[in-house]
Each structure stands twice: as structure tokens, then as C-alpha cells.
Amino acid sequence: MKIGIIGAGFTGLSSAYYLSKKGHTVIVFEKDDKPGGLAVGYKEEKWDWTLEPHYHHWFTNDKSVLSLAKEINHKVIIKRPKTSSFVNNKIYQLDSPISLLRFTKLSLFNRIRMGISLAVLRYNPIWKPLEKFHAEPYLKKMMGRITYEKLWKPLMVNKLGKYAKNVSLSWFWARVYKRTSSLAYPQGGFLEFSKHLEKEVKKRGGKFYYNTEVTKFSSNNKPQISYKIQNTKYQIQQFDRVIVTVPSPLFIKIAKELPASYITRLNRLKVIGAVNLVLRLSKPFFTDGTYWLSMCDLKSPILAIVEHTNFMDKKNYNNEYLIYVGNYMEASDPRFKMSKEELLKLYDPWLKKINPNYQFSIINSQLFHAPFAQPIIPVNYSKIMPGFNTPLKNVYLANIQQVYPWDRGTNYAVELGKNIAKLIDESN
Ligand SMILES: Cc1cc2nc3c(=O)[nH]c(=O)nc-3n(C[C@H](O)[C@H](O)[C@H](O)COP(=O)(O)OP(=O)(O)OC[C@H]3O[C@@H](n4cnc5c(N)ncnc54)[C@H](O)[C@@H]3O)c2cc1C
């Protein structure tokens, strides 16, 4: 079959890979100039490796993507970087039961209570009954109000904003259940990995059109895609099947023939954006080797500070120290439109609390936005999550809003790609 795939993120790339392996002809349309989507990468002069605009790593139990890496023979680096939390203006390592026991900002009773509450989630493999509960009351009740206010509320509110109260316990469960202390990263960066996958698809006759935005498509028996390669005329191609991997709001924009009831269903699903300010420094930001710092303070305008070079070796980046100052917010939030100078001014007092002299070591900075970064998972999401089939014949949807109960990630994008490829192959 001839299959058109819209989007060369990890879902599009992996569906192209698995379909091409089955002997289908795939054509991937991507509006960016390279593959990777949200996990794309960029390279500064003198860097050997690329860096993701938004911090990325894999957990060591991310089976789908790790077995794909093995299959295409892409080297993966595994390390155990340090994860900490910023509480009452101080950094505390909080990434194991031992470090929790040493965390003196909570009473011993509350530390044990929190440990037990997390263990209950971590060792319970059954998530379905949890989806009808909200996460917030569970955290308050099981861990106690003090622990909730000190640690979890700031994290939930800083990440999810007004949706913090809406998310389901199954979403929270998945984050605890899946977390591993050791993390993995593809040699060369996520862009290198994406290019490797692209090469594998091309080896089997697949084609990639970059700088190519799909502007609309229509569907009778054979869907037709209208696209525009930068600075050229609109073109149309017909396919046996089409896979749409773009976020649902963009799907609605390009699929003019979708019925109103389906659009209403998709519009009910919420997704918030991410903003990451990458600082290139000539000196380390953290003095204690922390990789990931969660800001447990409701007043903090920052959700997390991630020193990538405390995970991957700085020699790959011309010996620079790289940090992400990260945040999630709705794309309509005024901070989403701030320049990097405005954002740095907002973040500066908080960055100085951790490293009072960081500003003297800034080489450069870059600001990145992703309007569709984090789906909001309300209670009973399994009942409202869209399926692969759409009302348009032979047009399939496989996107970030179909990852559940797991938190979205490239591992699950690969899983989606594999599953949609199987469905289409079997529909032949
Ligand atoms: C801040 C942040 C941190 C994250 N951290 C991690 C992490 O640590 N580990 C991890 O595994 N994952 C992480 N993720 C999630 C991960 O990046 C995504 O889950 C995954 O990349 C989604 O892939 P996708 O292919 O489904 O979607 P996308 O990556 O969004 O791909 C969709 C593609 O479609 C293209 N497109 C859109 N419209 C059109 C059009 N009209 N025509 C043609 N092309 C179009 C886009 O340019 C894009 O390339 C993170 C994401 C963010 C934002």
C-alpha cells in the first residue's frame, strides 16, 4: 500500500519504519526541516552532539524505544544522574528511599508516610481502578497535608496550572510506577537517533518531504493530501491510507471534512505548552552535580532546572555546561510570548538563589516553545481518549493525546507507531 504520514516526530518516524519493514511504500510530510518533532535537536558551532530544545531522556524500562534502538543498532548510554528538589531555599537530593529518609524538612513520621504512599503506587501494577479518582485528594490523604503542601502541591501547580486539581490518579500512578533512577540517552542526541531511523526507512524505499506543510486533505476511498513544499506551489498526492500524527488541534485545522461531533470530542481534550530557556555556561550551574532539580515552591516561576551536562559529558558540547530552565503553561499565558531577556529577568532571582554568580558565566542563551507539549489527563480518560480510526475513511490518528495511562514520551510515540503500523498492515 502507499501510505502518507503527516509528521516526522517519533510517532511518524516509527510508523514509517514498521510499515516500510512490512513492504509498504511510505511518504512522510514534515513541516520542520528535520525529523524528531518535540524531540528534535539543534547544534551550536563546535558541538559534536545535538541538544534537544526541551530536556529529554529515557527511563531504562522504556522498552519500545530501547528495543528499537537495539534493532537499528543505535548506541544508548545509561547513567544514574542525581535528582534533587529545591525546598525552603535549599537543594535536597530526593531520588531514593534512603534520600527520603534523610530529608529533614519533613518529620520522620511524614517521611515514612510519604515513602509508603509512593510504594503503594509503585508496586501496584493495576492502574484501571485508579482512573476514576483525582490525584490531589489521594496525595493529601495518603501523604498528609504538610507533605502535600511542601512537596507535591508546588510541583503539580507549577506544572499543570489550573488543571492541577483535574488530573487523575492513574496519571500520577504512571509517573511513579515507571520512574527509574538510571536514565538512558541515545548516542549523539535524539536528532541523531531520528536521522538513523529516517535512514532505515529510506533504505526500504520510504521518502521524506521536509519543509513541507500539509495544509489540508480530503478523503473518499483514497485520501488526498495537499501540501506545500517551502516556496513552491501546492501539490496533491493520493494514498491508500493516511496517518496523522500531529496534535489534535492541528488535525482539526487541516481536516476540513471532520464531522462537528468528532471535533467537539477532540476539543474537549486539553494540552498545555512548554517553554524552555537553554543557557550555555562556561562554568557548572550546580555545585553538587545535580542533573534534575524540581522547584518545590509555589512562588517559583520555574518548574525545573536541568543541567544536561551532569548527565551527558560536556566534551560533546565543546566543554560547555548546558542548563534548561523549564516550565509548562498554556500557549495563551502571557509568559509564552515573553522574549528570552524578559524570561531571564523573571527567573534571575531564583537562579541566583542556587548559584549567585551564574550570570557571569553565560556564553549564550536560546528560547524554545512547544504549544502542544503535555496532555492533561482528567479522570476516566480511557472513556474519552480518541481511537486510531477517524470518521474519515482510511485516515488514522496517532498522536500525543492517545498515550495513556503512561505520561507521554518518545517511548510511547514508538509504541503508537508500531501499533498503528500493525493495524494498517492488517487492514490490507
Ligand atoms: C518539555 C518536554 C520534555 C519532554 N521530555 C521527554 C523525555 O524526557 N523523554 C521522552 O521520551 N519524551 C519527552 N517528551 C515528550 C516527547 O517529546 C513526545 O511525547 C514525543 O516526541 C511525541 O512525538 P509525536 O511524534 O507523537 O509528536 P510530535 O513530536 O509533536 O510530532 C509531530 C510532528 O508533526 C509536524 N507537523 C505539525 N503540523 C504539521 C503539518 N501541518 N504538516 C506537516 N507536519 C506537521 C511537527 O512539526 C512535528 O514534527 C518531552 C516533551 C516536552 C515538550
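Parameters at a glance
Residues numbered from 1 in each chain as written. Predicted model: local features only at pLDDT ≥ 70, side-chain atom pairs only at ≥ 80, totals over all residues. Heavy atoms only, no water. Near = heavy atom within 4 Å. Polar contact = N/O pair within 3.5 Å; in protein donor to acceptor, adjacent residues only side chain to side chain. Areas by Shrake-Rupley, 256 points an atom, 1.4 Å probe, with all protein chains shown as cover. Helix = DSSP H or I, 4+ residues; strand = E, 2+ residues; numbered from the N terminus. Pairing = 2+ DSSP bridges. Axes fitted to C-alpha atoms, helices over the stretch in contact; angles between N-to-C directions. Domains from an automatic or database assignment. Contact = heavy atoms within 4.5 Å. Buried area = accessible area lost by both parts, 1.4 Å probe. Patch = residues over 30% accessible without salt bridge, like charges linked within 9 Å, V, L, I, M, F, W, Y side chains within 5 Å. Salt bridge = Lys/Arg side-chain N within 4 Å of Asp/Glu carboxyl O. Lys, Arg positive; Asp, Glu negative; His and termini not counted. Charge placed at Lys NZ, Arg CZ, Asp CG, Glu CD. Buried < 20%, exposed > 50% of the residue type's maximum accessible area, 1.4 Å probe, protein only.

Peer 1: Hey, could you run me through the site of the ligand in this one?
Peer 2: For the ligand, the set of nearby residues contains 31 residues, the closest of which are Thr-11, Glu-30, His-56, His-57 and Thr-410. Thr-11 is positioned such that a nitrogen or oxygen atom in its side chain is 2.6 Å from an oxygen atom of the ligand. Considering the ligand on its own, with 1000 Å² of exposed area, one finds that the protein chains cover 92% of that surface. Residue assignment for the shell around the ligand shows that the elements contributing at least two residues are helix 1 (10-21), strand 9 (212-218), strand 13 (271-281) and helix 13 (410-426).

Peer 1: I keep staring at the sheet that holds strand 12 (residues 241-244) and nothing clicks. Help me out?
Peer 2: What links the strands of a sheet is backbone hydrogen bonding, and the strands pair in either a parallel or an antiparallel sense. Read across the sheet, five strands follow the order 8-2-1-12-18 without closing on themselves; strand pairing throughout is parallel. Because the sheet does not close on itself, it has two edges, and the strands there are strand 8 (207-209) and strand 18 (395-397). Neighbour-to-neighbour, the strand axes of this sheet turn through a mean angle of 20°, independent of strand direction. Here strand 2 (residues 25-29) runs beside strand 8; their pairing, made up of three bridges, is parallel.

Peer 1: Just to check I follow, could you spell out the domain arrangement of the chain for this structure?
Peer 2: Accessible area lost on assembly of the parts is the figure often given for the size of an interface. Split by domain assignment, the chain resolves into domain 1 (2-52 + 189-268 + 385-426) and domain 2 (96-178). Taking the mean C-alpha position of each, domain 1 and domain 2 sit 35 Å from one another. At the junction of the two partners, domain 1 supplies six residues and domain 2 supplies 11 residues. The junction of domain 1 with domain 2 conceals about 680 Å² of combined surface from both sides, 56% of it contributed by carbon and sulfur atoms.

Peer 1: I'm lost on a positive patch on the surface in this one. Help?
Peer 2: On the surface, Lys-31, Lys-216, Lys-253 and Lys-256 cluster together into a patch of positive charge. Assignment of secondary structure puts Lys-31 in the loop between strand 2 and strand 3 (58-59). For Lys-31, a relative accessible area of 52% corresponds to the exposed category.

Peer 1: When you look at unusual backbone geometry in this model, what are you seeing that I'm missing?
Peer 2: Glycine aside, a negative phi is what most residues show, and trans is what most peptide bonds show. In this structure, the amide linkage connecting Tyr-404 to the following residue, Pro-405, adopts the cis form with an omega of 5°. Along the chain, Pro-405 falls in the loop between strand 18 and helix 13. For Asn-318, which is not glycine, the phi torsion reads 55° and is therefore positive. You can see Asn-318 is positioned in the loop between strand 15 (304-307) and strand 16 (321-329).

Peer 1: Sorry if this is basic, but what is going on with the side chain of Asn-158 here?
Peer 2: Considering the arrangement of structural elements, one finds Asn-158 in helix 6 (residues 145-160). Beyond its immediate chain neighbours, meaning those up to four positions away, Asn-158 contacts Lys-153, Met-295, Asp-297, Leu-298, Ser-300, Ile-302, Leu-303, Asn-327 and Tyr-328.

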